[in-house]
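Structure at a glance
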Amino acid sequence: MKKIIIFFVLAAMLCVGMTSFADELSPVVVNTYADLDFEDGAVPSSYFYDFNDNTQGGYGISTEDGTLKVSTMAEEITYKGSTFVVGSAGHSWQMVFPGEHLDGKCTNMFVTLEYDIKFESFPFINRLFFLKGNDNKEVYNITVDTNGKLGGIWPAVYENDVLSANTWYNIRFVFDLKNGNYDFFIDGNTVFSDRALPEGLNDIKYFNLPRFMGYSSDSYSTFYLDDVKLFSSANPYTVSAYQVSDGSETEGLNSFPILGGKIKLAFSEEMREITKENFIFKVNGAEADFDIEFDSAGKKAVTITPKKEFTGREKCLLQIKDAFTVFGAEIFGEDTFEFDVASPDYGILSCEISEIIPGEDAEVSVTVKNHTGVSKQGLIIIGLTDARGRMISKASQVTESADDENQNYTLNLKIPSDYNSENFKITAYLATRNDFYELDRVLVE
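Being a predicted model, the structure only gives us computed values, none of them experimental. (Residues numbered from 1 in each chain as written. Predicted model: local features only at pLDDT ≥ 70, side-chain atom pairs only at ≥ 80, totals over all residues. Heavy atoms only, no water.)

**Thoughts on the pattern of salt bridges**
- If you walk through the whole model with that rule in mind, you get nine salt bridges.
- Its salt-bridge partner being Asp 289, residue Lys 276 comes within 2.8 Å of it at the nearest N-O pair. Highlighted residues: Lys 276 in the loop between strand S23 (262–267) and strand S24 (279–283) and Asp 289 in the loop between strand S25 (286–287) and strand S26 (290–294), separated in sequence by 13 residues.
- Using a relative accessible area of 33% as the deciding quantity, one classes Lys 276 as partly exposed.
- A salt bridge links Lys 315 to Asp 340; its shortest N-O distance comes to 3.0 Å. Of the two residues, Lys 315 sits in strand S28 (residues 315–320) while Asp 340 sits in strand S29 (residues 336–340), which places them 25 residues apart along the sequence.
- Among the charged side chains, a salt-bridge network with shared partners connects Lys 276, Asp 289, Asp 291 and Lys 307. (Salt bridge = Lys/Arg side-chain N within 4 Å of Asp/Glu carboxyl O. Helix = DSSP H or I, 4+ residues; strand = E, 2+ residues; numbered from the N terminus. Buried < 20%, exposed > 50% of the residue type's maximum accessible area, 1.4 Å probe, protein only.)

**Examining a negative patch on the surface**
- A surface patch of negative charge is lined by Asp 35, Asp 37, Glu 39 and Asp 40.
- Here Asp 37 lies in the loop between strand S2 (28–36) and strand S3 (50–51). (Patch = residues over 30% accessible without salt bridge, like charges linked within 9 Å, V, L, I, M, F, W, Y side chains within 5 Å. Areas by Shrake-Rupley, 256 points an atom, 1.4 Å probe, with all protein chains shown as cover. Lys, Arg positive; Asp, Glu negative; His and termini not counted. Charge placed at Lys NZ, Arg CZ, Asp CG, Glu CD.)

**Regarding the sheet that holds S24**
- In space, the four strands of this open sheet follow the order S25-S24-S28-S29, with antiparallel pairing throughout. The sheet is open, and its two borders are formed by S25 and S29, each paired with just one other strand.
- Sheet topology places S24 next to S25; two bridges connect them, and they run antiparallel. Pairing of Lys 282 across the sheet is with Glu 287, part of S25. (Pairing = 2+ DSSP bridges.)

**Considering the packing of aromatic side chains**
- Using the criterion set out here, one finds 19 aromatic pairs in the structure.
- Seen in terms of ring centroids, Tyr 182 and Phe 192 are 5.3 Å apart; in terms of plane orientation they differ by 90°. Their pairing is edge-to-face. Here Phe 192 lies in strand S17 (residues 189–196) and Tyr 182 lies in strand S16 (residues 181–186), a separation of 10 residues in the sequence. A single burial state applies to Tyr 182 and to Phe 192, both of which are buried.
- When the centroid spacing of 5.7 Å and the interplanar angle of 75° are considered together, the rings of Tyr 237 and Phe 267 count as edge-to-face. With a gap of 30 residues between them, Tyr 237 in the loop between strand S20 (222–234) and strand S21 (239–245) and Phe 267 in strand S23 connect regions that are remote in the sequence. Across the pair, exposure class does not vary: Tyr 237 and Phe 267 are buried alike.
- Of note, Lys 118 hangs over the ring of Tyr 224, and the distance from its end group to the ring centre comes to 5.2 Å. (Phe/Tyr/Trp six-rings, centres within 6.5 Å; stacked < 30°, edge-to-face > 60°. Lys NZ or Arg CZ within 6 Å of the ring centre and 35° of its normal.)

Following this line, the structure appears as C-alpha cells:
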C-alpha cells in the first residue's frame, strides 16, 4: 500500500482493447517451393528433379520472349551428356517438379500449383498436371482435349469449358491435403471445388507440369508456360482468452481475480511448443513474472499464472510474440490483451457525480463494498486536481461497513468557477482512517 499524497499526477487511463493485423481469415503462404518467370531466358534446371524418357509425350524445351516453350517439334538437345532429338523416334521429356521432392514438407497443408499457359493448337490431349503423392497415390485426370475442351471434369461446371488457341489462361489448383479435396480455377473462375482426392492422400512428392498425351511423331504441338508457382499454405490461428478461477472458466479477462486467477489462451489451430519467451506480460506498465503450462498433447491451449500479488484495479497487458502453428502460420487478428484486475474486496464499488456547475457544489455518491469477512472502517476522499496535479478541492467522510455489506455515502465537493473537464480531474479514494494509506481509487470525472 502507499500513502495518498495531496499533490500528485494522475496516471493516464489505459484503453481496454486488442491489436488487429488482418482483415480476412484465409490460408497464408508459409513455404514457397518455386516461383519461375523465365525472364532470364534460361530454364532453371535446379527446379526440376529429373527429365525422363516417355513415349507418351513430353517436352522439347526452349525459351522464347521470357516464357517456357514446350514443343513436340524436332529439336536436338543434350541432357546428361546424351543427345536427343525431341519430336521424333519417340523421345520426349517429362518434367518432375519441383527440383527437390516435397516428401513430408507439406503434409496436411494447402498446396497450390499455379501457372499461365497458352496453346498454339490442340492436336494432342494435354494433361494439366500430374501429382504423385504418398504411398504412390496419383491424381492426373484433368485434361484439355483436341478441341480445347476441358476433360476429366464431371459434372462440367465451368461455363466457358472450351479453351481457345493463342490465348493466355491462368490455371490454379489448390489441394487441401488435410480434408482430402482440391479446387480448380481458370482466370480466377471456379471450375470445381472440393473434388475428392484419393483416400489417404495427405502429402505430395512431386508434380509433372502440363504435358502432351497421345504423342505421335507426325503431328506437332506447342504451348507456352509462364509464372509457374508452387507453394504451401496453412490457416493462421486465432486466440480466445479465458480467466480461470476456482476450477471454472469465464470468457474474457476483465475483472481478473485478485487471488488465485489464471489466464487460459485457446488457439484455433495446433501450435508449435509455446514457452515464456512467446509472451510479454506487464502490470501497470512494468514487466511481471508468470508461470506457463503448454498443452503439449492437444497443442491448442496454454495456461498462464501471474506471480504478481494483485491488490486490485491493476492494468495488465499480455502480448503474444513469435508463436506459430505447427505448419508455421502466424496469428490472425488480436495478439494483445489488455485487462483490469478486479476491484479490492474492500473498495469502491461505484461512484457517480451529479451535474457539474462551475462555482457550485457537486453531489458525489459513493458505494463502498466489503467482502473481506470482517468489519471495516475507512475514509472516503473525493479530490479535485488541476492540470498540474495539485488537489485544490476535496471532501471526505469516515466509512463503516460490516462484512458482506455495501454502504452508500454522499459527499459535496466544491467546484471552482474556472472548472472544465480538460484541465481538472475528480478522483474518489478509499483509505485507512488513521494513517491514510490508499486502499482503492476510481476516476470520477
